[in-house]
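Now for the letters of each chain:
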Amino acid sequence: MKQFLDLEDIQNVPNLIEKAIALKTNPFAHKELGNNKSIGLLFFNSSLRTRLSTQKAAQNLGMDVMIMNLNSDGWGLEFEDGSVMNANTAEHIKEAAAVISQYVDIIALRAFPSLTDKKKDEEEQIIKSFQKYASVPVVNMESATAHPLQALTDAITITEFKQKNRPKVVLTWAPHPRALPHAVPNSFAKMMQMIAVDFVITHPKGYELNPEITKNTPIIYNQEEALKGADFVYAKNWSSYNDYGQIKSTDENWMVTKSKLQTAKFMHCLPVRRNVIVADEVLDSNQSLVIQQANNRTYAAQAVLKEILENR
Amino acid sequence: MKQFLDLEDIQNVPNLIEKAIALKTNPFAHKELGNNKSIGLLFFNSSLRTRLSTQKAAQNLGMDVMIMNLNSDGWGLEFEDGSVMNANTAEHIKEAAAVISQYVDIIALRAFPSLTDKKKDEEEQIIKSFQKYASVPVVNMESATAHPLQALTDAITITEFKQKNRPKVVLTWAPHPRALPHAVPNSFAKMMQMIAVDFVITHPKGYELNPEITKNTPIIYNQEEALKGADFVYAKNWSSYNDYGQIKSTDENWMVTKSKLQTAKFMHCLPVRRNVIVADEVLDSNQSLVIQQANNRTYAAQAVLKEILENR
Amino acid sequence: MKQFLDLEDIQNVPNLIEKAIALKTNPFAHKELGNNKSIGLLFFNSSLRTRLSTQKAAQNLGMDVMIMNLNSDGWGLEFEDGSVMNANTAEHIKEAAAVISQYVDIIALRAFPSLTDKKKDEEEQIIKSFQKYASVPVVNMESATAHPLQALTDAITITEFKQKNRPKVVLTWAPHPRALPHAVPNSFAKMMQMIAVDFVITHPKGYELNPEITKNTPIIYNQEEALKGADFVYAKNWSSYNDYGQIKSTDENWMVTKSKLQTAKFMHCLPVRRNVIVADEVLDSNQSLVIQQANNRTYAAQAVLKEILENR
């Protein structure tokens, strides 16, 4: 693997899932691989799971980890080509990415979307600029439109917990007081088309995701109907894609409850708002896989970093 | 040791003090103990000594250290059971503690009190919640009502510098422009009842600490009388406990001076406001032990972390 | 080397340059040197290159790295002797420096000038106070008036890229929307007097640097004339020294362009404002050495840290 900007960078998804599961049983077996190698974790936004799990993954591989909160520790970055930088930005991404590449062997990056400028968000300017100007591999720790490490984690979790060859997986929208990005549902929808599952999406009208991503995934507007016979229910809020970044509904009836879940396993990427996205009774039951998912974040990241280190 | 929430978690105080003193002569002797282990240092509040000394202690034991400033790096945490999380908090402690436990082998935590809600502060909601929901040992790096690592440090320092079997130790209140927590005096008072010292407390009326902690420790309202014959004078400001969090006095006469100190050694947990808590002449003399105390923070933390690692 | 406050702490400049260049070919050859040693990187101001490169340099030498953003992570520091600390500062530098010295083997420090109080800035209170009260070596990661690690980097870069024994080096002022410190031009000017180059400075009238630093370096107010026959052009903005901290000119004609540069190599310490300090056509050409300079930051820091570790 030369980089990990999105799921398309994985050559063989089932193979990488198996490698990640193998790493769980012996996480320190490849510590020589990262010897004298370092990774820079660059955050434009808050992070808990991604920050700690990627740091852990790198340390498991013997790497040194350097962390920067770019908004507070560094300088305002300019991303526009040819701009006359006489205003608020002090450093151009051309220099920043090339310079950071001098100090680390891998750059991992988190940068959320604006949710106000659809075109700009879809251009993925920040992560694409780092890819363009960095001389080392770039890893996506959640960008404007994609969260491929989370989706890999989710595929690992489904693989571990599935009890039939082709389980039914339902991605359901759930209410949330704030406008949230599409990165997680996008990457989850993409991943579900790459592994052996029956996948459906359910959400209120007006919450259709980018059809170039969902492709011919069935979209069922009736949540009850969609959840029938589900083996895994993945809840997530997202804002409207068509009416970009808007909240179209906060309908509490879409919250996931025990009775809706039936015997299905419950999944969420976290952080999750209790009794808004999902009822306590679900999260506090053994049907919830959210902690196991969080644990798999380490091995998803470690599998990706290992592939990248091996490729160099 | 299974955890270190408070001094009661120490099985044998004199024994742990001796172990800490032994670590000073050979701090790197147990580096294999922390191999492939990591500690998460989680800060809700500022820290200099605790941050650096705990990091140093963990590194001395060969551990990897992950640091998070929870207020800025992560997500707003919810601590109430059953709450409908449709407001400012994005993640419940149930998930946060369980998730962080997936990435680290020990969680160390700093969270100051509100000083406005006595009941809530005394419930120690933050550290107790982490203890309840974490699946790894939790270490107190100063909570609302206790700072046991500091108290262990202080006991180490007194043990090193005492020149008689049973020295007289005086904890004296001193003025400060801001309302400060009770964590340090609480833990110091508790610790002085666990080791072989004659211990008295002196402060202006209205500054009585929690009597469940001071128990039958003599409280002398006349500072001069209290300091007579002292071998160690420990100065510290705290706000009123009875009139919770209030400043009842800023009487400059309570500042510790050279003449008050006589031949006693001076101690303070730091940071200390010069010429408010204590005069320059004291801090700049060789009667001051504040730097030696700060150094002992490393070995107090290292002794605790070592016990926890050995217990796993 | 006992400390690295400024270039005068280097015993033999050409020798240290050669050592730094040698480290580039085998950066991990001295990993045992920093074993069980730690460095504290203390930041009062933003940093990208310095932060990452010094961290990298220390890790290359096998050291543990502890980073503190002093303004946000720690306590407000007091620098005045004898002050009654009843206002905003919570900890005196006397304690802070002595305490941090208990936890690390080297203290590295970044603290920018006020640009409002010339006398105070020139006293270098922060770094001098750390030097005075720390019991471990102090390294300057850019202080009010000096950036010696950058100047060492620049000398390494000129040594690597020079094509004649005595190249002509021009330091040219360039416009910038904000008032910037003198640390970089000061240290560069000082360094150019320590190695075998023909050195001239060009800037608009009113931008004369401290004559105690520039000494008898030719100052040419006509940029075109100054640049004639240059082998290396080092661009940098700084505010007025005489009219301290003021912006006297933002004349766009001083921006470095391809035609002005002719065949010279272009240097800048970064971050650089594109199309303000220098045109895109320069930075995007192979005449620019800015990325190589940034890379040399690691080896400048590593050479200095190695000397300090070897001296202990």
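What counts, and at which threshold
- Residues numbered from 1 in each chain as written.
- Chains lettered and ligands numbered in written order.
- Predicted model: local features only at pLDDT ≥ 70, side-chain atom pairs only at ≥ 80, totals over all residues.
- Heavy atoms only, no water.
- UniProt positions renumbered as here; feature names shortened; annotations may be inferred.
- Buried < 20%, exposed > 50% of the residue type's maximum accessible area, 1.4 Å probe, protein only.
- Helix = DSSP H or I, 4+ residues; strand = E, 2+ residues; numbered from the N terminus.
- Contact = heavy atoms within 4.5 Å.
- Pairing = 2+ DSSP bridges.
- Axes fitted to C-alpha atoms, helices over the stretch in contact; angles between N-to-C directions.
- Least-squares fit on C-alpha atoms with pLDDT ≥ 70 in both.
- Buried area = accessible area lost by both parts, 1.4 Å probe.
- Salt bridge = Lys/Arg side-chain N within 4 Å of Asp/Glu carboxyl O.
- Polar contact = N/O pair within 3.5 Å; in protein donor to acceptor, adjacent residues only side chain to side chain.
- Nonpolar A, V, L, I, M, F, W, Y, C, P; charged D, E, K, R; others polar.
- Domains from an automatic or database assignment.
- Right-handed = clockwise from strand over helix to strand, strands pointing away.

An unreviewed UniProt entry annotates chain A as N-succinylornithine carbamoyltransferase of Galbibacter orientalis DSM 19592. In the Pathway (unreviewed entry) part of its UniProt record, chain A is described as follows: "Amino-acid biosynthesis; L-arginine biosynthesis."

(A) Just helix 8 (residues 183-192) of chain C, in detail. For helix 8 of chain C, a buried count of 10 out of 10 residues is recorded, marking the element as mostly surrounded by other parts of the structure. For helix 8 of chain C, the elements touching its buried residues are helix 1 (13-25), helix 7 (148-161), strand 7 (168-173), strand 8 (198-202), helix 9 (211-214) and strand 10 (232-236) of chain C.

(B) Here's a closer look at the sheet that holds strand 8 (residues 198-202) of chain B. Residue and element names in this part refer to chain B. What the five strands build is an open sheet, ordered 9-8-7-10-11; its pairing is parallel. Whereas interior strands pair on both sides, the edge strands pair on one side only; in this sheet they are strand 9 (219-220) and strand 11 (265-267). Sheet analysis places strand 7 (residues 168-173) next to strand 8, joined by five bridges and oriented parallel. Paired with threonine 172 across the strands is threonine 202, a residue of strand 8. Helix-sheet contacts for helix 7 (residues 148-161) involve strand 7, strand 10 (232-236) and strand 11, and the interaxial angle to strand 10 is about 155 degrees.

(C) Structural context of the relation of the copies chain C and chain A. When chain C is fitted to chain A, the residual RMSD is 0.0 Å, and the transformation amounts to a turn of 120 degrees plus an axial shift of 0.0 Å. What the rotation and shift describe, once combined, is the action of a three-fold rotation axis.

(D) Region of the structure containing the interface of chain C and chain A. Of the residues lining the interface, 32 residues belong to chain C; the matching set on chain A comes to 32 residues. Together, the buried faces of chain C and chain A total about 2800 Å²; carbon and sulfur atoms form 54% of this surface. Its largest share of buried area at the contact with chain A, chain C owes to C:Leu48, C:Leu52 and C:Arg274, together 23% of the area lost on that side. At the surface where chain C touches chain A, the tally comes to three salt bridges. For the salt bridge of A:Glu91 with C:Arg49, the shortest nitrogen-to-oxygen distance reads 2.8 Å. If you look at where chain C meets chain A, you find 13 residue pairs in polar contact (both at pLDDT 80 or more). Among the elements of the structure, helix 2 (49-60), helix 12 (280-283) and helix 13 (290-311) of chain C are those that each provide at least two residues to the side of chain C that touches chain A. By residue number, the principal contributor to the side of chain C that touches chain A is helix 2 of chain C, which donates seven residues. When its residues are assigned to classes, the side of chain C that touches chain A shows 12 nonpolar, nine polar and 11 charged.

(E) Spatial organisation of the pattern of salt bridges. Inspection of the entire model under this criterion finds 48 salt bridges over all chains. The partner of A:Glu307 in a salt bridge is A:Lys19, and the shortest N-O contact between them spans 2.8 Å. One end of the pair, A:Glu307, is in helix 13 (residues 290-311); the other, A:Lys19, is in helix 1 (residues 13-25), and 288 residues separate them in sequence. Through salt bridges with shared partners, a single ionic network connects A:Asp81, A:Lys94, A:Glu95, C:Arg274, C:Asp280 and C:Asp284.

(F) Structural detail: the domain arrangement of chain A. All names here are of chain A. The domain architecture assigned to chain A consists of domain 1 (7-146 + 297-311) and domain 2 (148-293). For domain 1 and domain 2, the distance between their C-alpha centres works out to 25 Å. At the junction of the two partners, domain 1 supplies 30 residues and domain 2 supplies 31 residues. Of the roughly 2600 Å² buried where domain 1 meets domain 2, counting both sides, 68% is carbon and sulfur surface.

(G) How the structure looks around the environment of B:Ala303. Mapped onto the secondary structure, B:Ala303 falls in helix 13 (residues 290-311). In contact with B:Ala303, not counting residues within four places along its chain, are B:Leu16, B:Ala20 and B:Leu23.

(H) The arrangement of the side chain of A:Asn275 in detail. Residue placement: A:Asn275 occurs in the loop between strand 11 (265-267) and helix 12 (280-283). According to the relative accessible area criterion, A:Asn275 is buried, its value standing at 18%. In terms of polar contacts, A:Asn275 uses its side chain to reach the backbone carbonyl oxygen of B:Gly82, at 3.5 Å. The contacts of A:Asn275, once residues within four sequence positions are left out, are A:Met255, A:Asp280, B:Gly82, B:Ser83 and B:Val84.

(I) Structural context of the interface of chain B and chain C. Listed per partner, the contact involves 32 residues of chain B and 32 residues of chain C. Taken over both partners, the interface formed by chain B and chain C buries close to 2800 Å², and the fraction arising from carbon and sulfur atoms is 54%. Broken down residue by residue, the surface that chain B buries against chain C is led by B:Leu48, B:Leu52 and B:Arg274, which jointly contribute 22%. Taken together, chain B and chain C are joined by three salt bridges. Between B:Arg274 and C:Glu95 there is a salt bridge whose closest N-O contact spans 2.7 Å.

(J) Representation of the pairing of strand 1 (residues 38-43) of chain A. All names here are of chain A. Across the six residues of strand 1, six count as buried, placing the element largely inside the fold. Here strand 1 runs beside strand 2 (residues 64-69); their pairing, made up of six bridges, is parallel. Along strand 2, the bridge assignment pairs isoleucine 39 with valine 65. On the question of chirality, the crossover connecting strand 1 to the parallel strand 2 by way of helix 2 (residues 49-60) is right-handed. In terms of strand pairing, strand 1 meets strand 5 (residues 106-110) through five bridges, oriented parallel. Within strand 5, the position partnered with leucine 41 by the bridge is alanine 108.

(K) Structural view of the sheet that holds strand 8 (residues 198-202) of chain A. Residue and element names in this part refer to chain A. Taken together, five strands build an open sheet; the order of strands is 9-8-7-10-11 and the sheet is parallel. Whereas interior strands pair on both sides, the edge strands pair on one side only; in this sheet they are strand 9 (219-220) and strand 11. Pairing between strand 8 and strand 9: two bridges, direction parallel. Across the sheet, isoleucine 201 pairs through a bridge with isoleucine 219, a residue of strand 9. Of the strands in this sheet, strand 7 (168-173), strand 10 (232-236) and strand 11 touch helix 7 (residues 148-161), which is tilted by about 155 degrees from strand 10.

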